[in-house]
Amino acid sequence: MAGLLWDDVMWFFDPVDMGTLPDGFVPGASVEDWQAVLDLVGEQGWAFEYREGEAALPLPRAEVVLSRPADAEQPYLLVWPAAGMLVIFRFHAAEEIDFDVDTREIQGQERLDAFCGFLSAVGRRLGKPVLIEHEGGGGSRPVFGFDVVADRVVPLREPPPA
């Protein structure tokens, strides 16, 4: 499996071009997909912490999290797929799995490989694309992501002109 080369894609992780917290998402998701991600976190042995507001709690089932009242504390899941690399899942809706990652934590080939491994694990488990776009992009223009057919993380846009 050929991976992304840092020198070719380092602009993806530039806080000026992408923002500090680029948006990750899996479109066309379901409660079952959310549960598959929660199961994957445990199976992979990734460190994690589930929080509702400021309270750290045991990780509930996806249907419980996604059926919380609108005025309840916002739930989120902190996942560390590699030491020093935090991914924050936000449970906004069953139809789209949303997460953020800090570009400052993905610098260099080794960190890029670890992040691509995370995206690939999620994409393979769900059989769906896992896309990354600039911070606040709103699902309009992903720059790279896991491609189900290619079975790897691929660039989806060319770098901006120098």
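What you see is a predicted model; the values in this text were computed from it and never measured.

**Quick word on helix α5 (residues 109-126)**
The end-to-end C-alpha distance of α5 is 26 Å, a good match for the 26 Å that 18 residues give at a rise of 1.5 Å each. Turning to α5, its buried residues number three or more, namely Leu112, Phe115, Cys116, Phe118, Leu119, Ser120, Ala121, Val122, Gly123 and Leu126. Looking at the residues trailing α5, positive phi occurs at glycine 127, about 65°.

**Here we look at the packing of aromatic side chains**
Scanning all chains against the criterion turns up 15 aromatic pairs. Judged by centre distance (6.4 Å) and plane angle (65°), the rings of phenylalanine 12 and phenylalanine 13 are edge-to-face. Comparing phenylalanine 12 with phenylalanine 13, the two get one shared label, buried.

**Concerning the environment of glutamate 96**
Along the chain, the position of glutamate 96 falls in strand β6 (residues 96-101). Relative accessible area serves as the criterion here: at 30%, glutamate 96 is assigned to the partly exposed category. As a C-alpha pair, glutamate 96 and aspartate 33 span 63 residues in sequence and 9.2 Å in three-dimensional space.

**Here's the deal with the pairing of strand β7 (residues 130-133)**
Covered by surrounding structure in β7 are Val130 and Ile132 together with Leu131 and Glu133, the residues of both alternating faces. Sheet analysis places strand β1 (residues 23-27) next to β7, joined by three bridges and oriented antiparallel. What sits directly across from aspartate 23, in β7, is glutamate 133. Note that β7 and strand β8 (residues 144-147) share three bridges and pair antiparallel. Pairing of isoleucine 132 across the sheet is with phenylalanine 144, part of β8.

**A closer look at the sheet that holds β1**
Strands sit in the order β3-β2-β4-β5-β6-β1-β7-β8-β9 across an open sheet of nine strands; the sheet is antiparallel. Across the chains shown, the open sheet's two edge strands, defined by having one partner strand only, are β3 (55-57) and β9 (152-155). The average angle at which neighbouring strand axes cross in this sheet is 30°, direction not considered. Across five bridges, the pairing between strand β4 (residues 75-82) and strand β5 (residues 85-93) is antiparallel. Bridge pairing links tyrosine 76 to arginine 90 in β5.

**As for the confidence of the model for the protein chain**
Summarising the model, the protein chain shows a mean pLDDT of 91, and 94% of its residues fall at 70 or more. Within the protein chain, helix α2 (residues 15-18) has the poorest average pLDDT of any element, 80, and helix α3 (residues 31-44) the best, 97.

**Considerations on the pattern of salt bridges**
With the rule as written, the count across this model stands at eight salt bridges. For glutamate 43, the salt bridge identified is with arginine 125, shortest N-O distance 2.3 Å. You can see glutamate 43 sitting in helix α3 and its partner arginine 125 sitting in helix α5, a full 82 residues away along the chain. The exposed category is assigned to glutamate 43, whose relative accessible area is 53%. Aspartate 100 serves as the salt-bridge partner of arginine 90, at 3.0 Å between the closest nitrogen and oxygen. With arginine 90 in strand β5 and aspartate 100 in strand β6, this pair connects stretches of sequence that are 10 residues apart. Residue class for arginine 90 comes out partly exposed when judged on its relative accessible area of 26%.

Rules behind the numbers
- Residues numbered from 1 in each chain as written.
- Predicted model: local features only at pLDDT ≥ 70, side-chain atom pairs only at ≥ 80, totals over all residues.
- Heavy atoms only, no water.
- Helix = DSSP H or I, 4+ residues; strand = E, 2+ residues; numbered from the N terminus.
- Expected span 1.5 Å × (residues − 1).
- Buried < 20%, exposed > 50% of the residue type's maximum accessible area, 1.4 Å probe, protein only.
- Phe/Tyr/Trp six-rings, centres within 6.5 Å; stacked < 30°, edge-to-face > 60°.
- Pairing = 2+ DSSP bridges.
- Axes fitted to C-alpha atoms, helices over the stretch in contact; angles between N-to-C directions.
- pLDDT = per-residue confidence, 0-100.
- Salt bridge = Lys/Arg side-chain N within 4 Å of Asp/Glu carboxyl O.

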